[in-house]
Amino acid sequence: MSAAKLVRTKIFPHTMLILFSVFFLFPFVWLVFTSLKSPHEIFELPPRIIPESFQWGNYKAAFETVPFGRYMLNTLVICLVCIIGQLFAAPLVAYSISRIPWAGSKIIFAIVLATMILPSQVQLIPQYIIFAKLGWINTILPLTIGAFFGAPFYIFLLRQFLLGVPRELSEAAKMDGASEFRIYAQIILPTLKPALATVALFTFVGAYTDFMGPLIYLNDAAKWTLTLGLQGFQQDHGAQWEKLMAASTIMAVPMILLYFFGQKYYMQSGSAFTGFK
Amino acid sequence: MIDSISGKTSSRKKGWTRREWHYFWLGLVFASPWIIGFLVFTVYPFFSSLYFSLTEYDLFNPPRWVGMDNYKAIMEDRNFYKSISNTLFMAFISVPITLFSSLLIAMLLNFKVKGINYYRTIFYLPAVIPGVASALLWTWMLNPDFGLVNIFLRWAGLPDPAWLLDPRFTKPSLILMGLWGSGAGALIFLAALQGVPQTYYEAAQVDGANWWHRFWKITVPALSPIILFQLIMGLIGAFQIFTESYILAGGKAGSGSSLGGPGQSLLFYAVNLYQEAFINLKMGYASALAWILFIIVMLITLLVLKTSKRWVYYGGE
């Protein structure tokens, strides 16, 4: 291999990739090291990056300062209900617009696409007023009810996936006189499993990271989610960066684990748009 | 775009056969969750917010009709203009920078080198961190005295701005934070890049085109539909920036005392709307803001789509 080719195909790519990796990784390093510093080490000049000794107690302190277990539980309940809702509704609707030959399918698909770009703020205030009139403020209902009607993005994702499922699969069952519901439940749903896993994963991530929804609907601190709890922590213990970073790390860990174990599902969302037809 | 539903659906003859009715009801039943949700949570709120925008409403007393007063008041509201100019800054400066960075990262990830999967994992990692946690992390990263960014800048002998405390640097802080998360966009570009036939590049190389030419003449046109998609989503996203601003400005849950940050430099459209609706309880006024938002977003989308005919190439045309 010539020197020029070696530079072009190996040295240059790796140099660039490593430089970018440093930019992407260093904030994580900073996050974890800060979470392990002692309070006076945080404000030491000149600052040191690696703590003198690891203060694992900061994590315990973060849990004791605010009820993180409670926030975690509240968040998980919301996530779970949303997942159930999306897994019920999104595949039904996707099936209707991709597998059933009826007049509404194209119209619904067009509207589903259009609503993906509709800013949620336009509906926000009337929705709040509806939920207030129903007495649902300070409950998880406003944050979860929407999932039972299917989110446009997941309907779109499942439709894309369904286009790739061979029709012969259901045709044979139809010949045998199976009803549409049976075909859906016993033949189509099982083939959709990987796509449904993607929907469940994204629903979880979406509900777990949501901030504005809980901020608007949950006033009672006992009902707060992790995002609200973390923000409240910032307010009340603003200068205690070591605890705040420990709390942030605790919150980020489930997302990082999900990412490591579910990488292929993340990749699917990337390709859903490129195979868009 | 919408072509895949098998024949027979759009037969426009008078009177449907039994089979067609059968499928109509079946389709309706399967789609009913979405239809109900769409009517109750999209269509109804959409129009009722138009009604509320013509009233004065504080949630406790019944709405009072005020005609166009809210819209007139908005036209004289300094916060409104401040929020528009801050938001447009993000839309026209931050969005293109982030898009370019995503594209660059995607191209790096498209190198055929050893360990590329590890790099891909690292580049995407920041995108999975919850917005609140990453905003808190960056608040600390950008601490003027003790933050990592300024430690580095001082070490390199560069000026060390006060970042989140200086109105001139709050939005650049937000851009920096956005760049950190640009691996998400890169992943979508990467999937598209891998679909570009290698023969295009080989042919161009034979013709003596350099890297720069290949980028502008092959990569960008081939990816233009995805660039368009990400551009539109980015622009719409700019009008919805909320969490990052709320955390970076250090707002207090419930009181909203310091929404908008130093010199209102982080007062974005969605933040202003939230403030009017849920802190000042001016539901009518905020509904008018929501409708103006809707119109702006539609105009921008149409404008981008219109100009896109000149620079977006769809394969096979």
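All figures in this text were calculated on a predicted structure; none of them were measured in a lab.

Rules and cut-offs
- Once a new chain begins, its residue numbering starts again from 1 and follows that chain's sequence as written.
- Chain A is the first chain written and ligand 1 is the first ligand written, with later ones labelled in order.
- Local features in a predicted model are, by the rule used here, given only for residues with pLDDT of at least 70; side-chain atom pairs are given and counted only at 80 or more, and totals for whole chains, interfaces and linings are based on all residues.
- In DSSP terms, a helix is any run of H or I states spanning at least four residues, a strand is any run of E spanning at least two, and both are numbered starting from the N terminus.
- Only the C-alpha atoms count toward the radius of gyration. The rule for a globule is 2.2 Å times the residue count to the power 0.38.
- By the criterion used throughout, residues are in contact when their C-beta atoms, derived from the backbone, lie within 7 Å.
- Remark: C-beta atoms are placed from the backbone, and a residue is labelled buried if 20 or more other C-beta atoms sit within 10 Å of its own, exposed if 12 or fewer do, or partly exposed between those counts.
- Throughout the structure description, domain borders are defined by an automatic or database domain assignment.
- Within a predicted model, pLDDT stands for the predictor's per-residue confidence, ranging from 0 to 100.
- Multiplying 1.5 Å by the residue count of a helix minus one yields the expected span of that helix.
- Convention adopted: a line fitted to C-alpha atoms gives each axis, helices being fitted over their contacting stretch, and angles between N-to-C directions are expressed from 0 to 180 degrees.
- Here a crossing is taken to be left-handed if its near helix is turned anticlockwise relative to the far helix by less than a right angle, and right-handed if that turn runs clockwise.
- Consider a residue and the seven residues that end there alongside the seven that start there; fitting an axis to each set, the bend is the angle between those axes.

Caption draft 1: The overall build of chain A, seen in detail. Tallying secondary structure elements over chain A gives 15 helices and zero strands in all. Taking 277 residues into account, the globule formula puts the C-alpha radius of gyration at 19 Å, and chain A, at 24 Å, lies well above it. Along the longest, intermediate and shortest principal axes, the C-alpha atoms of chain A span 75 × 70 × 35 Å. For chain A, the share of sequence-separated contacts (at least 6 apart) that also reach a separation of at least 24 residues comes to 73%.

Caption draft 2: Here's a closer look at the overall build of chain B. In terms of helices and strands, chain B carries 13 helices and two strands. The C-alpha extent of chain B, read off along each of the three principal axes, is 70 × 70 × 35 Å. In chain B, buried positions account for 39% of the 317 residues. Once local pairs closer than 6 in sequence are excluded, the contacts in chain B between residues at least 24 apart make up 68%.

Caption draft 3: Layout of the interface of chain B and chain A. The interface is formed by 81 residues belonging to chain B together with 80 residues belonging to chain A. A total of 20 residues in the side of chain B that touches chain A trace back to one element, the largest contributor, which is helix H1 (residues 18-52) of chain B.

Caption draft 4: Just the domain arrangement of chain A, in detail. If you check the domain split of chain A, you get domain 1 (3-60) and domain 2 (66-236). Taking only C-alpha atoms, the centre of domain 1 of chain A and the centre of domain 2 of chain A are 37 Å apart.

Caption draft 5: How the structure looks around the confidence of the model for chain A. Per-residue confidence for chain A averages 90 on the pLDDT scale, and 96% of its residues sit at or above 70. Here helix H15 (residues 263-274) of chain A stands out as the element of chain A with the lowest mean pLDDT, 68, in contrast to helix H7 (residues 141-144) of chain A, whose mean of 97 is the highest.

Caption draft 6: Region of the structure containing helix H5 (residues 104-116) of chain A. For H5(A), spanning 13 residues, the distance from its first C-alpha to its last is 18 Å, which sits close to the expected 18 Å at 1.5 Å a residue. Of the surrounding elements, those touching the buried residues of H5(A) are helix H4 (68-99) and helix H8 (152-163) of chain A together with H1 of chain B.

Caption draft 7: Region of the structure containing the domain arrangement of chain B. What the domain assignment lists for chain B is domain 1 (18-52) and domain 2 (72-311). Distance between the C-alpha centres of domain 1 of chain B and domain 2 of chain B: 34 Å.

Caption draft 8: Just the confidence of the model for chain B, in detail. Residue and element names in this part refer to chain B. Looking at chain B, pLDDT values average 89 and 92% of them are 70 or higher. In this model residues 1-11 is a low-confidence stretch, pLDDT under 50, and it forms 16 contacts with partners more than four residues away in sequence or in other chains. Here the predicted complex carries an ipTM of 0.90, next to a pTM of 0.90.

Caption draft 9: A look at the packing of helix H3 (residues 78-109) of chain B against helix H10 (residues 211-238) of chain B. Residue and element names in this part refer to chain B. Contact geometry for H3 and H10: axes closest at 9 Å, N-to-C directions at 145 degrees. For the pair H3 and H10, the crossing hand works out as right-handed. For the pair formed by H3 and H10, the contact residues are Thr87, Met90, Ala91, Ser94, Val95, Thr98 and Leu99 on the first element and Ile227, Gln230, Leu231, Gly234, Leu235 and Ala238 on the second.

Caption draft 10: Inspection of unusual backbone geometry at higher detail. Residue and element names in this part refer to chain B. A positive phi angle, close to 60 degrees, is found at Gln264, a residue other than glycine. Assignment of secondary structure puts Gln264 in the loop between helix H11 (243-248) and helix H12 (269-279). Of note, Leu281 is a non-glycine position whose phi angle comes to about 55 degrees, a positive value. Position of Leu281 among the secondary structure elements: in the loop between H12 and helix H13 (283-311). A tally of 13 C-beta atoms within 10 Å means that Leu281 is categorised as partly exposed.

Caption draft 11: Examining the environment of B:Ser49 more closely. Position of B:Ser49 relative to the elements: it lies in helix H1. Measuring from C-alpha to C-alpha, the distance between B:Ser49 and B:Val29 comes to 29 Å, with 20 residues separating the pair along the chain. In this view, B:Ser49 contacts A:Val122, A:Gln123, A:Ile125, A:Pro126, B:Ser287, B:Ala290 and B:Trp291; residues no more than four positions away in its chain are not counted.

Caption draft 12: Summary view of the environment of A:Thr65. Residues and elements named next belong to chain A. On the secondary structure map, Thr65 appears in helix H3 (residues 57-65). Note on Thr65: 16 C-beta atoms within 10 Å, which makes it partly exposed. Taking the C-alpha atoms as reference, Thr65 lies 51 Å from Gly164; in sequence the two are 99 residues apart. Leaving out residues up to four positions away in the same chain, Thr65 has contacts with His237 and Lys243.

Caption draft 13: Geometry of the environment of A:Pro51. Residues and elements named next belong to chain A. The residue Pro51 is located in the loop between helix H2 (39-42) and H3 in this model. Judged by C-beta crowding, with 18 C-beta atoms within 10 Å, Pro51 ranks as partly exposed. With 40 residues separating them along the chain, Pro51 and Ile11 place their C-alpha atoms 34 Å apart. In contact with Pro51, other than residues within four places in its own chain, are Phe33, Leu36, Lys37 and Glu41.

Caption draft 14: Seen up close, helix H1 (residues 3-35) of chain A. Residue and element names in this part refer to chain A. Its 33 residues give H1 an end-to-end C-alpha distance of 45 Å, which sits within 8% of 48 Å, the value for a rise of 1.5 Å per residue. The largest bend along H1 measures about 35 degrees and falls at Leu25, with the proline Pro27 one to four residues further on. Every buried residue of H1 is listed here: Pro13, Leu17, Phe20, Phe24, Pro27, Leu31, Thr34 and Ser35.

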